[in-house]
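# Summary of the model geometry
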Amino acid sequence: MKKVILFSLLIAITANVCAQNTLNIVPRPQVVEMKSGNFLFDKKVSVQFLQSDLNALADYMINQLSDRFGIKISKDKKSSKNIILSVDKKMSTLGNEGYTLQVGAEEVKITANNPRGIFYGIQSFLQTIPYEGKKEIPCLLIQDKPQFAWRGMMLDVSRHFFTVKQVKEFLDILATYKMNVFHWHLTDNQGWRLEIKKYPKLTSVGAWRMEKPGAVFFQKDSTLKEKEKRYGGFYTQKEAREIVAYAKDRNITVIPEIDIPGHSEAALAAYPQFSCRQQPQIVTNAYGSPPGASDNYCPANDSTFTFLENILTEVMDIFPSKYIHIGGDEVDKTEWKNDPKCQALIKEKNLKDEEGLQSYFIHRIAEFLEHHGKTIIGWDETLQGGLAPNAVVQSWRGIKGGITAAQLHHDVIMSPSNPLYFNRYQGDPKTEPLAAKWSINTLQKVFEYNPIPIELNSADGKYILGAEGAIWTEFFKTNDYLQYMLLPRLLALSEITWSGSENKSWQDFLKKMPYQFKLFEKEKWSYDSKDLEYEVKK
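It should be emphasised that the depicted structure is a prediction, and the values quoted were computed from it without experimental measurement. Here the residue numbering is sequential within each chain, running from 1 through the sequence in written order. With the structure being a predicted model, the display of local features is reserved for residues of pLDDT at least 70 and the display and counting of side-chain atom pairs for 80 or more, all residues being used for whole-chain, interface and lining totals. Hydrogens and waters are ignored; side-chain quantities use all the structure's heavy atoms.

Once that is clear, we can look at helix 6 (residues 237-248). Between its first and last C-alpha atoms helix 6 spans 16 Å; for twelve residues at 1.5 Å apiece the expected length is 16 Å, and the two agree. All buried positions along helix 6 are accounted for by Gln237, Ala240, Ile243, Val244, Tyr246 and Ala247. Runs of E in the DSSP output that reach at least two residues are strands. Runs of H or I that reach at least four are helices, and both are numbered from the N terminus. Multiplying one less than the number of residues by 1.5 Å gives the expected span of a helix. Using a 1.4 Å probe on the protein chains alone, a residue whose accessible area is under 20% of its type maximum counts as buried, one over 50% counts as exposed, and one in between counts as partly exposed.

Printed below as a string of structure tokens:
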């Protein structure tokens, strides 16, 4: 699924734009002042860094200039034309991620309060360089900082496994557009993807399932006659640390998700003693759960919590993030209703019902993580039965859960499935490859979304940390398709989380797409511009 270039639409939209000094930077900077003159790359250009901890960023910039534009420049050799990277602690008003970019005819300065801001200034600077003709940049001044602290993207590697190399490429795309959170959905019914040394069967058993070649979730195709095939994979702890370090170099925090108490069939296939039924089962595949499979951990079995605490101890050692995502969504409580031990626990703890039992379960895990300096994130179902103190809510079933949590003064990540689930169709389902059908989440819908609901007053609105897109992989497993579903919608997500809703323009955003598509092509990222065509036809 490589690129389908439909520039006719964009040419019509952007008529006469190429002749103008139009900035193509995504996400849109907060303040831009255009100046007279141009900065021209030539053999005289050198990169200077004024603090030693900017050496790696200087190398990163030089590599990007070489790989993306074929520009070869030197480092740390004073020249008549310099690009200067500098940390200035006096620029505290720009926060930890803001920056200034000054382009003059003989000198470029990227200045920030800390190296994170320098990295984002570099991303903006790279997007000012033309791909065709002279490598000439208009003189300008940019002052920029993000609207939201949380600018995230979730990738599900449970339903389909992606290699370390593919995950790194995913991170490169996020970094280009100033996203700073990678939510890594590592466990689910269809596979356990992280090595846990204390429980090796989680990966020797839980990371593998039997599939028919080409099979996808929720699609039973009787025409598939191929023999079943073992499918799966997992990340060693060394590989996970490698990804964490790679993300850190790009100002991205990796948030691991270990799904509890539901979505746990793969773990329970490996260790069935931690379910209520305690019966052997296999890992779920594209054709659904095996009959009688247990989806949930048993909260009435105290050894369940020992098991999970041992797992989370290893997870915390790998992932330095303040946050651990514990899932908490779509818990089918039927098994708990039918289990005498669970019913006895409800009475013993004076809980109202099974929702109270879920809250008890999550509170125990939250207390354990809090003791180790971590904060839990849970999907909005964690509101059921009462939130754990300090818990962060990720609102996916619309915005109602996020509103409720913010009014309770809990931090919130907005991820309403409509429009921020990127596994859903992005254009006309008649011409798009298979995707989730529940809504058509077009580029424009993503662009027009505001993470702060109008129902919140200004005080409660401050609890909205930002927004996060999500890609569930039930319908695809190739890296090309992953990128196809991510792009160009990620660019709209970056605009709403970095630039905010004030002064945004859909038409101005569209004008940047031809340049961005050239970037995709240069990087060999898969995409399709039909989404834009679908918007205009509507």
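Now for the nonpolar core. Definition used in this section: a nonpolar core is a set of buried Ala, Val, Leu, Ile, Met, Phe, Trp, Tyr and Cys residues joined via side-chain atoms within 4.5 Å. With 154 residues, the main nonpolar core has Phe41, Ile83, Leu85 and Phe125 as its most contacted residues. Should any heavy atoms of two residues lie within 4.5 Å, those residues are considered in contact. Once residues lying within four places of it in the same chain are set aside, the contact partners of Phe125 are Phe41, Met61, Ile83, Leu101, Val103, Val108, Ile110 and Ile137. Membership of the second largest hydrophobic core comes to eight residues, among which are Ile255, Ile377, Val392 and Leu465.

Time to look at unusual backbone geometry. For the bond from Val26 to Pro27, the omega torsion is 0°, close enough to zero to count as cis. Structurally, Pro27 can be placed in the loop between helix 1 (7-13) and strand 1 (31-40). Although it is not a glycine, Lys178 sits at a positive phi angle of roughly 65°. Following the sequence through the fold, Lys178 ends up in the loop between helix 4 (164-176) and strand 9 (181-185). Of note in this structure, Lys524 is not a glycine but carries a positive phi near 60°. Along the chain, Lys524 falls in the loop between helix 19 (513-523) and helix 20 (530-537). For Lys524, a relative accessible area of 59% gives the class exposed.

Geometry of aromatic contacts follows a simple scheme: Phe, Tyr and Trp rings, the Trp one being its six-membered ring, pair when their centres are within 6.5 Å, and the pair is stacked under 30 degrees between planes, edge-to-face over 60, tilted otherwise. Enumeration over the complete set of coordinates arrives at 33 aromatic pairs. Taking 5.0 Å as the distance between ring centres and 50° as the angle between the ring planes, the aromatic pair formed by Tyr131 and Tyr515 counts as tilted. Note that Tyr131 is positioned in the loop between helix 3 (115-126) and strand 7 (136-144) and Tyr515 in helix 19, a separation of 384 residues in sequence. On the basis of relative accessible area, Tyr131 is assigned to the buried category, the value being 18%. Given a relative accessible area of 9%, Tyr515 falls into the buried group. Put simply, the rings of Phe161, Phe170, Phe182, Trp184, Tyr235 and Phe319 pair up and form one aromatic cluster. Throughout this description, the term charge over a ring refers to an Arg CZ or Lys NZ atom that lies within 6 Å of the ring centre and within 35 degrees of the ring normal. A cation over an aromatic ring shows up here: Arg250 above the ring of Tyr246, its NZ or CZ 3.6 Å from the ring centre.

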